[in-house]
Amino acid sequence: MILTHVERFRRFIPLATLVVLVLIVGTNSPAFLRIDTLVTLATDTATLFILAAGITFVVILGGIDLSGQSVASLASIAVASTALSLGHASIPFAIGIGVVFGLLNGLVHVYFRLPSFIATLAIGSVAASAALLVSGMQRVPFPPELRETTFFWLVGATGPIPNQILVGLAVLIFSVFLERYTLFGHWSRAIGSGEPAALVAGVPVNRVKITAMAVSGGMAGLAGTVLGARFASGSPTLANEFLLPSIAAIVVGGTAITGGRGSVVYTMIGALIISVVRFGMTFMNVDILAQQIVFGVLIIVAAAATIDRSKLPIVK
């Protein structure tokens, strides 16, 4: 019963943290609470959340995906390079590239029996090199008017609501469906809670791991597509600052880095916390170079609070 109450209390910590941060920043800088500022914050959060949502499925398994930012940058180049020739088809093409790299992550992790952080770091390096080669190590622009035609549903607006927010909500709904209403979601949590027990229970562990990596890669591809559409260009470094904040969003949201516990909904809250911290430091005139320090500290604190030490009798 005590553990149940502790678990319930822990679930409210990310939301309470978000509310407290908003109040602190809003009290010090009232302009932060203006509707247009909050809409801008939500718009900027959408891309971060899309990338973090995919990685969340891998973390729930007890793994990690470090290739997200490289795959997103490559996807931005893919969509920018093909926007004129393929039109709307450039969007699924770029997302498909993300899925392919996600599958490569999963196959290398499962069949070469490499830790996920090594497999995804290596495949991420391949994606980063591919992005440099394809782009010629420079920005790849496309005609800005395509933002209002081909990519309107990504970076336009529906009434007062930017479509990036709607895309983020669509990703949230899709991810919650995968997590709560499919065998993949149930199996993922079972594997994260205890892989040997999941194997004995007949869970297809390898297939689930590969699927989770593919989902993560696809989300990275979508994030890169949104970034490319937003800036009317692709770049081999476009998503370079997204990996640490996305992992911070996951662990700050309460997903245990050791797997078995967490939710994409909590990742969304975590992404909002990261954005509030980022915006708050800007409004409070904190040096922008301090952001990575803050994110690093957040990851340490959040991971220490959520990690299941029973799965790590020896920390290496």
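What comes next concerns the included structure. In this text the structure is predicted, and so the values were computed from the model without any measurement.

Considerations on the pattern of salt bridges
According to the stated counting rule, one finds 5 salt bridges in the structure shown. A salt bridge links Arg147 to Glu148; the nearest nitrogen and oxygen atoms lie 4.0 Å apart. For Glu148, a relative accessible area of 52% puts it in the exposed group. A salt bridge links Arg189 to Glu179; the shortest N-O distance between them is 3.4 Å. Here Glu179 lies in helix H7 (residues 163–181) and Arg189 lies in helix H8 (residues 183–193), a separation of 10 residues in the sequence.

What to know about the packing of aromatic side chains
Applying the stated criterion across every chain, the model contains 3 aromatic pairs. On the basis of an interplanar angle of 40° and a centroid distance of 5.8 Å, the ring pair of Phe57 and Phe184 is categorised as tilted. Of this pair, Phe57 sits in helix H2 (residues 35–60) while Phe184 is found in helix H8, placing the two residues 127 residues apart along the sequence. A single burial state applies to Phe57 and to Phe184, both of which are buried. Between the aromatic rings of Phe142 and Phe151, the centroid separation amounts to 5.1 Å while the plane-to-plane angle is 45°, which identifies the pairing as tilted. As far as burial versus exposure is concerned, Phe142 and Phe151 are alike and both buried.

Topic: the side chain of Ser275
Here Ser275 is to be found in helix H12 (residues 264–283). Once you skip the residues sitting within four places of it in the chain, Ser275 turns out to touch Leu41, Thr45 and Leu48.

Quick notes on a nonpolar patch on the surface
A cluster of nonpolar side chains, contributed by Leu103, Leu107, Tyr111, Phe112, Leu114, Phe117 and Ile118, occupies part of the molecular surface with about 680 Å² of accessible area. Among the elements of the structure, helix H4 (90–111) and helix H5 (116–135) are those that each provide at least two residues to the nonpolar patch. With 3 residues, H4 is the single largest residue contributor to the nonpolar patch. Within the secondary structure, Phe117 is located in helix H5.

Notes on H4
End to end, H4 covers 31 Å across 22 residues, agreeing with the expected 32 Å (1.5 Å per residue, within 8%). Along H4, the residues classified as buried are Ser90, Ile91, Ala94, Ile97, Gly98, Phe101, Gly102, Asn105, Gly106, Val108, His109 and Val110. Contact partners of the buried residues in H4: helix H3 (68–86), H5, helix H6 (152–155) and helix H10 (205–231). Phi turns positive one or two residues past the end of H4, at Arg113, with a value near 50°.

Observations regarding the packing of H7 against H12
For the pair H7 and H12, interaxial distance at closest approach is 9 Å and the crossing angle is 145°. Packed against H7, whose contacting residues are Leu172, Ser175, Val176, Glu179 and Arg180, the element H12 presents Val264, Val265 and Met268 at the interface. Of the residues that constitute the contact of H7 with H12, the class distribution is 5 nonpolar, 1 polar and 2 charged.

What about H10?
Residues spaced three or four apart along an α-helix point in a common direction, a consequence of the helix completing one turn every 3.6 residues. Across its 27 residues, H10 extends 39 Å between first and last C-alpha, which sits within 8% of the 39 Å expected from 1.5 Å per residue. Counting buried positions along H10 yields 22 of 27 residues, so the element is predominantly enclosed. In the segment just after H10, Ala232 is the residue with positive phi, at about 55°.

Remarks on the packing of H2 against H7
Close contact between H2 and H7 brings their axes to 8 Å; oriented N to C, the two are set at 30°. It follows that H2 is roughly parallel to H7 by the angle criterion. For the element pair H2 and H7, the recorded crossing hand is left-handed. Along the contact surface, H2 presents Val39, Ala42, Thr43, Ala46, Thr47, Phe49, Ile50, Ala53 and Phe57, while H7 presents Gln164, Ile165, Val167, Gly168, Val171, Leu172, Ser175, Leu178 and Glu179.

What to know about unusual backbone geometry
One non-glycine residue with positive phi stands out, namely Arg113, at about 50°. Counting through the fold element by element, Arg113 comes out in the loop between H4 and H5. Of the residues examined, Arg113 reaches a relative accessible area of 74% and is grouped as exposed. Positive phi is not limited to glycine here, since Ala232 has a value of about 55°. For Ala232, the location among the structural elements is in the loop between H10 and strand E4 (233–234). With relative accessibility at 9%, the residue Ala232 sits in the buried group.

Cut-off values and rules
- In every chain, residue numbers begin from 1 and rise along the written sequence.
- The predicted origin of the model limits local features to residues at a pLDDT of at least 70 and limits the giving and counting of side-chain atom pairs to 80 or more, whereas totals for whole chains, interfaces and linings rest on all residues.
- Excluded from the side-chain calculation are hydrogens and water; included are all heavy atoms of the structure.
- Salt bridge, as used here: a side-chain nitrogen of Lys or Arg that lies within 4 Å of a carboxyl oxygen of Asp or Glu.
- Three labels apply to residues, based on accessible area from a 1.4 Å probe with only protein chains included: buried if under 20% of the type maximum, exposed if over 50%, partly exposed otherwise in between.
- Strands are runs of DSSP state E lasting at least two residues, helices are runs of H or I lasting at least four, and both sets are numbered from the N terminus onward.
- We call Phe, Tyr and Trp rings a pair once their centres come within 6.5 Å, taking the six-membered ring for Trp, and we label the pair stacked below 30 degrees between planes, edge-to-face above 60, and tilted otherwise.
- Note on contacts: a residue pair qualifies if any of its non-hydrogen atoms lie within 4.5 Å across the two residues.
- Each patch is built from salt-bridge-free residues with over 30% relative accessible area, joining like charges within 9 Å and nonpolar side chains (Val, Leu, Ile, Met, Phe, Trp, Tyr) within 5 Å.
- Surface accessibility follows the Shrake-Rupley procedure with a 1.4 Å probe radius. Residue values consider only the protein chains on display as shielding.
- For a helix, the expected span equals 1.5 Å multiplied by the residue count minus one.
- Lines fitted to C-alpha atoms define the axes, with helix axes restricted to the stretch in contact, and inter-axis angles between N-to-C directions lie between 0 and 180 degrees.
- Under this grouping Gly is polar, as are all residues other than the nonpolar Ala, Val, Leu, Ile, Met, Phe, Trp, Tyr, Cys and Pro and the charged Asp, Glu, Lys and Arg.
- Should an angle fall under 35 degrees it is taken as roughly parallel, and over 145 as roughly antiparallel, whereas 65 to 115 is taken as roughly perpendicular and any remaining angle as oblique.
- Crossing handedness: left-handed means the near helix sits turned counterclockwise from the far one by under a right angle, and right-handed means the same turn made clockwise.

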